[in-house]
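Coordinates in review
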Amino acid sequence: IRYRRTIPIFSFYKVETKLVYWEDKTLFIEQKFITTNDGFVRAIVLSRQNLLDVDAERLFKGIPGADSKPECPEEIRHWLQSIEISSARLRKKD
């Protein structure tokens, strides 16, 4: 989660959700929290959702625009790299 500004209490906001990237067994979702009075993106959430018993190719079969995987966004590439670095460091401690 990247917080850009607080959402003041009792303020109205909307959440926009978008599938930004996928791999064989993983979906990457972006959610933007946007205050309605000024249109400012207050926070952005990136989440990683793992698929069970189905792969992305089969899941998206027949859905217009999902026939080719989008290029991995830079933020996700860096995020995945940081996860790998952290995991490698933790494996060294074991």
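What counts, and at which threshold
- Residues numbered from 1 in each chain as written.
- Predicted model: local features only at pLDDT ≥ 70, side-chain atom pairs only at ≥ 80, totals over all residues.
- Heavy atoms only, no water.
- pLDDT = per-residue confidence, 0-100.
- Helix = DSSP H or I, 4+ residues; strand = E, 2+ residues; numbered from the N terminus.
- Pairing = 2+ DSSP bridges.
- Contact = heavy atoms within 4.5 Å.
- Axes fitted to C-alpha atoms, helices over the stretch in contact; angles between N-to-C directions.
- Buried < 20%, exposed > 50% of the residue type's maximum accessible area, 1.4 Å probe, protein only.
- Salt bridge = Lys/Arg side-chain N within 4 Å of Asp/Glu carboxyl O.

Glancing now at the confidence of the model for the protein. Looking at the protein as a whole, its pLDDT mean stands at 93, while 99% of the residues score no less than 70. By mean pLDDT, the top-scoring element of the protein is strand 3 (residues 26-35) (97), and the lowest-scoring one is helix 1 (residues 56-60) (89).

Here the focus is the sheet that holds strand 4 (residues 41-50). Read from one edge to the other, the open sheet built from four strands follows the order 1-4-3-2, with strand pairing classed as antiparallel. Each edge of the open sheet carries a strand with a single partner, namely strand 1 (2-3) and strand 2 (13-22). Of the pairings in the sheet, the one linking strand 3 to strand 4 comprises nine bridges and is antiparallel in character. By the bridge assignment for strand 4, F33 is matched with A43. Contacts from helix 2 (residues 74-93) reach strand 2, strand 3 and strand 4, with the element oriented near 60° to strand 4.

A few words on the pairing of strand 2. In this structure, strand 2 lies alongside strand 3, joined through nine bridges in antiparallel fashion. Residue pairing in the sheet places E16 in a bridge with K32 of strand 3.

This part takes up the environment of S68. Position of S68 among the secondary structure elements: in the loop between helix 1 and helix 2. Judged by relative accessible area, which is 47%, S68 ranks as partly exposed. When the C-alpha positions of S68 and E57 are compared, they lie 9.1 Å apart, and in sequence the two are eleven residues distant.

Let us now look at the pattern of salt bridges. As enumerated under the stated definition, the model contains three salt bridges in all. We note a salt bridge from R42 to D38, for which the minimum N-O separation is 3.1 Å. For the salt bridge of R91 with E84, the shortest nitrogen-to-oxygen distance reads 3.0 Å. A residue is classified by how much of its surface remains accessible, and E84, at 46% relative accessible area, is partly exposed.

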